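Descriptive structure summary
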Amino acid sequence: MYGLGLNTFEIAALWAVLLVAILGLAYAVFLRRQIMAKDTGTPRMQEVWNAIRAGADAYLNTQRRSILPFIAILAILLFFSAWIVNPTPEAVDMFGPRARLYVAFGRGGAFIMGAFFSLMVGRWGMRTAVQGNIRVASASRRSYGEALQVAYRTGTVTGMLTDGLGLFGGTIIFMLFGKAAPDALLGFGFGGTLLALFMRVGGGIFTKAADVGADLVGKVEAGLEEDDPRNAAVIADLVGDNVGDCAGMAADIFESYEVTIVSALILGLAVMREARNPDGTENVQWIIFPLVVRAIGVFSSIIGTYFVRSIGKEANAMRSIFRGFLTSAAVSIVGFLLLTIVYMRNPSTGYTTIDWRPFLTTFIGVALAIIIDRVTEYFTSTHNAPVKEIARSTQFGPATTILSGMTVGYESSVAGILVIAGAILASVLIYSGAGFTFILYGVAMTGIGMLTLTGNNVSMDAFGPIVDNANGIGEVAELEDSAREVLTNLDATGNTTKAITKGVAIGSAVIAAVSLFGSFITDTRLVNPEALKTGIRVDQPLVFIGMLIGGAIPILFGTLLIKAVTRAAGGMIAEVRRQFRIPGLMEGKVKPDYARAVGISTQAAQRELLPLAILAVLSPIVVGLILKEEALGGFLAGLILSGQLLAVYMANAGGAWDNAKKFIEDGNFGGKRSPAHAASVIGDTVGDPLKDTAGPALNPMIKVINLVSVILAPIIVGLRGTSTQIAMWVVALALLALIIWAVQRSRTAADYGLSADEMSVALDVNPGPGVGSGGNA
């Protein structure tokens, strides 16, 4: 069955995994019905909520129209990327003379499925979050515990969608293609990752353009409260929380979940080729084990949901959420242990001993997720020294605030890389002596373990924008003080949970990238055993050149994103200042034009999608075609290292600046409208595009480039020595010209999208008569 000698237990396990994936989706539907049964509050709350919902839907519909043509073109190209390479012996064994056709259709079709699933997770997750935020705001009028539960379970809907669709896709591809699955799995992973890149980039630009504009003009210049209804950017800011932190992050974690399954199955098949049973038959334990582990994780996440609740008078949301996370982790580890004892027998000893190695590497992955949680919380929580140090530095102005936040970001990046290096080293030690492919498989299993609790991680992430929106609704709708106190408490916790899940997403991106890096090497050697025979040697000049270029790509990518936010924020600042001058607006007699602010962010976000996608997809192709496969390996090594360090720095520095601002707003160092508060707002606005735009977008970018490289390497090796060398150079130079055009287009986009008159308004920092009492604080 499936081209493999599966026994009865293994066939039953595969079908059970598929059923668990469907169970996860069913649980998402069950939770959504629970949430929808909650009330939606007062008419004023519903008015604000409807504006948020309309803006979020309009943005996603615009984005979908922008990216679908690109997806269609890439699906065709992926079909031919498999068609022009000779099928593997496994594919020929499975499909006979039609192997090339089946593999090509499999890769193209799996790409479309991965992209569609990623889109579904982002859109459905965001729409559930939008439905949940008003219900959280309404629940806050009754009790802290109810508001916490509604917010977390709303996030869990997205978590279960991620679990269910990721596991369903990987399992169904394996069941259809068996040992010929790697080619289709690469398409599946690439589709999900590319969509995540689009949603991360677009959502990140949208949300931070609105956030920066709302904060700088509303808080610093006009002295208004956060989410003051007179601020034209308020609704755009709340919409941005949904399209950036809900849709974008959900798609991001989904593709990490998806890619770790893909890399584990590809490397499992590679191990299976090397480690046959004593009788010469194929040992499929290496493939079945990661799938069943993921199924156990779905059950564990469901159980953990019911431990996230307020006990008695407890009003510590972080403690409740982490209690649920640890419960799920404990249940998962027990499940992995039982699976190992029952199933993972060592064939080299005649099946008389247990092979503990897959369990140990998976356990390390779970531990890695917990450690990254704790490390990220230390550097970004208001309860710990780094954030308090930033808050203290605000007393001396914006410069010291920014410098202090930078040091926190750099320090956290070093801590993060050491933790990940330790996890990879543990895998090396566990599989010491087993061979290179086994070590890579161990790293892949670490990624499987790390994202076992994806349901919990996505719930924690979505919790942040859900309670942020609920707090915004409470502010604009002028809820009673007791409800605002509940929402403010939850909102502060939400900032920390978002930072934590960004840390997990970045860490998992690195682990997945290392696994894909291993797939790059094994797949290249499969086409030509002489390719990369001596590994990827940094002492070779071309390899070193590739590594330098790879290290520069994340910096260029982040630069273009921050430039995009800067331009869009300039337009938002001009628009908010213009509307503050409308007679009667500051007195509350005239409503702002929220739709125009939403339109500014939407237009800015869509303009940047194509250039950044071109950079991510084409840069490895150009390097591979010109410098060949070994240099492409160096390119990937530089990319992974630079991307990890930069992403953690951006995410944690931005999170720390944000919570330092909230620490001051709680009454410390002079509280709101003090000079320290003005400095903290400036620090926060510097950190906003780092933590919510550039930093998170590096995760899918790293994996898009890795997946393109894995797909490309066999083509380069297969065409070596043929008459196509000149054609390859022509194609490479044409693609290089296209990359230069894309970068230049992004760098020289229209000046903030403003007319000359609007620019003159933007440069006038005096908001005019009757605008607040905070001045330039």
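1. Details of the overall build of the chain
- Looking only at helices and strands, the chain features 21 helices and 0 strands.
- In summary, the chain has a C-alpha radius of gyration of 26 Å against a globular reference of 28 Å for 777 residues, a match within 12%.
- The long-range fraction of contacts in the chain, counting pairs at least 24 apart against all pairs at least 6 apart in sequence, stands at 85%.
- Of the roughly 25,700 Å² that the chain leaves accessible, carbon and sulfur atoms contribute 66%.
- Averaged over its 58 positive side-chain charges, the chain has a centre that lies 3 Å from the centre of its 58 negative ones.

2. A closer look at the nonpolar core
- In terms of nonpolar packing, the biggest core is built from 253 residues, with L194, F557 and M701 touching the most fellow members.
- A per-element tally of this core places helix 18 (residues 609–665) first, with 31 residues.
- Sequence-distant contacts of L194, that is, excluding residues within four places in its chain, are made with F70, I71, L74, F111, V617 and V704.

3. Remarks on the side chain of S300
- In this structure, S300 sits in helix 8 (residues 285–305).
- Each residue touching S300, except ones within four places of it in the same chain, is listed here: S328, V331, S332 and L453.

4. Comments concerning the packing of aromatic side chains
- As enumerated under the stated definition, the model contains 23 aromatic pairs in all.
- Between the aromatic rings of Y27 and F30, the centroid separation amounts to 6.0 Å while the plane-to-plane angle is 25 degrees, which identifies the pairing as stacked. Highlighted residues: Y27 and F30, both in helix 1 (residues 8–36), separated by 3 residues, approximately one helical turn.
- Residue F30 is classed as partly exposed on the basis of its relative accessible area, which comes to 41%.
- Note on F79 and F80: the rings are 5.1 Å apart at their centroids and 90 degrees apart in plane angle, and the pair reads as edge-to-face.
- Using a relative accessible area of 16% as the deciding quantity, one classes F79 as buried.
- By relative accessible area, F80 is classed as partly exposed at 44%.
- Three or more aromatic residues joined by ring pairs make a cluster, and in this case those are F79, F80, W83 and F105.
- Seen from the ring of Y257, R294 lies directly overhead, with NZ or CZ sitting 4.1 Å from the centre.
- If you follow R374 out to its NZ or CZ, it ends over the ring of F322, 3.6 Å from the centre.

5. Notes on helix 8
- Its 21 residues give helix 8 an end-to-end C-alpha distance of 30 Å, which sits within 8% of 30 Å, the value for a rise of 1.5 Å per residue.
- Buried residues dominate helix 8, accounting for 19 of its 21 residues.

6. Remarks on the pattern of salt bridges
- In the structure shown here, the tally under the stated rule is 28 salt bridges.
- We note a salt bridge from K591 to E47, for which the minimum N-O separation is 2.5 Å. Taken together, the positions of K591 in the loop between helix 16 (541–580) and helix 17 (594–607) and E47 in helix 2 (residues 43–83) put the pair 544 residues apart, joining distant regions of the chain.
- We classify E47 as partly exposed; its relative accessible area is 38%.
- D183 is paired through a salt bridge with R107; the nearest N and O atoms lie 2.7 Å apart. Pair noted here: D183 is in helix 6 (residues 181–221) and R107 is in helix 4 (residues 99–139), with a separation of 76 residues, a long-range link.

7. A look at unusual backbone geometry
- A positive phi angle, near 55 degrees, is found at E478, a position not held by glycine.
- Its place among the elements puts E478 in the loop between helix 14 (454–476) and helix 15 (481–527).
- Accessibility expressed as a relative area gives 67% for E478, which makes it exposed.
- The phi dihedral of K628 falls on the positive side, at around 75 degrees, and the residue is not glycine.

8. Regarding the environment of F436
- Within the secondary structure layout, F436 lies in helix 13 (residues 436–450).
- Spatially, the C-alpha atoms of F436 and G518 are 8.9 Å apart, while their sequence positions differ by 82 residues.

9. A word on the environment of T496
- Relative to the helices and strands, T496 is located in helix 15.
- Counting along the chain gives 216 residues from T496 to L712, while the straight-line C-alpha distance between them is 39 Å.
- Those residues in contact with T496 that sit more than four places away from it in its chain are M318, E377, T380, S381 and N659.

10. Comments concerning the packing of helix 7 (residues 234–274) against helix 13
- Contact geometry of helix 7 with helix 13 gives a least axis separation of 9 Å together with a crossing angle of 150 degrees. On the basis of the axis angle, helix 7 is roughly antiparallel to helix 13. Handedness of the helix 7/helix 13 crossing: left-handed. Taken together, the residues of helix 13 that come into contact with helix 7 (itself represented by T260, I261, S263, A264, L267, G268, A270, V271 and E274) are T437, F438, L440, Y441, A444, G447 and I448.
- Among the residues forming the contact of helix 7 with helix 13, the class breakdown is 10 nonpolar, 5 polar and 1 charged.

11. Some points on the confidence of the model for the chain
- With 92% of its residues at a pLDDT of at least 70, the chain reaches an overall mean of 85.
- In this model, residues 767–777 is a region of pLDDT below 50 whose contacts with residues beyond four sequence positions or in other chains number 23 contacts.

12. Structural notes on the side chain of N457
- Its place among the elements puts N457 in helix 14.
- In this structure N457 comes out as buried when scored by relative accessible area, which is 1%.

13. Here's the deal with a nonpolar patch on the surface
- Judged by side-chain polarity, I76, F80, W83, I84, L101, Y102 and F105 come together as a nonpolar surface patch covering roughly 690 Å² of accessible area.
- Residue assignment for the nonpolar patch shows that the elements contributing at least two residues are helix 2 and helix 4.
- Within the secondary structure, W83 sits in helix 2.

14. Structural notes on the packing of helix 9 (residues 317–343) against helix 14
- Two elements in contact, helix 9 and helix 14, have axes separated by 10 Å at closest approach and are oriented at 165 degrees. Accordingly, the angle class assigned to the pair helix 9 and helix 14 is roughly antiparallel. Crossing handedness for the pair helix 9 and helix 14: right-handed. Of helix 14, the residues touching helix 9 (which contributes A317, M318, I321, G324, F325 and S328) are N456, N457, M460 and F463.

15. Thoughts on the environment of G422
- Here G422 is to be found in helix 12 (residues 398–430).
- On the basis of relative accessible area, G422 is assigned to the partly exposed category, the value being 37%.

The rules behind these values
- Residues numbered from 1 in each chain as written.
- Predicted model: local features only at pLDDT ≥ 70, side-chain atom pairs only at ≥ 80, totals over all residues.
- Heavy atoms only, no water.
- Helix = DSSP H or I, 4+ residues; strand = E, 2+ residues; numbered from the N terminus.
- Rg over C-alpha atoms; globule rule 2.2 N^0.38 Å.
- Contact = heavy atoms within 4.5 Å.
- Areas by Shrake-Rupley, 256 points an atom, 1.4 Å probe, with all protein chains shown as cover.
- Lys, Arg positive; Asp, Glu negative; His and termini not counted.
- Charge placed at Lys NZ, Arg CZ, Asp CG, Glu CD.
- Core = buried A, V, L, I, M, F, W, Y, C linked by side-chain atoms within 4.5 Å.
- Buried < 20%, exposed > 50% of the residue type's maximum accessible area, 1.4 Å probe, protein only.
- Phe/Tyr/Trp six-rings, centres within 6.5 Å; stacked < 30°, edge-to-face > 60°.
- Lys NZ or Arg CZ within 6 Å of the ring centre and 35° of its normal.
- Expected span 1.5 Å × (residues − 1).
- Salt bridge = Lys/Arg side-chain N within 4 Å of Asp/Glu carboxyl O.
- Axes fitted to C-alpha atoms, helices over the stretch in contact; angles between N-to-C directions.
- Parallel < 35°, antiparallel > 145°, perpendicular 65-115°, else oblique.
- Left-handed = near helix turned anticlockwise from the far one by under 90°.
- Nonpolar A, V, L, I, M, F, W, Y, C, P; charged D, E, K, R; others polar.
- pLDDT = per-residue confidence, 0-100.
- Patch = residues over 30% accessible without salt bridge, like charges linked within 9 Å, V, L, I, M, F, W, Y side chains within 5 Å.

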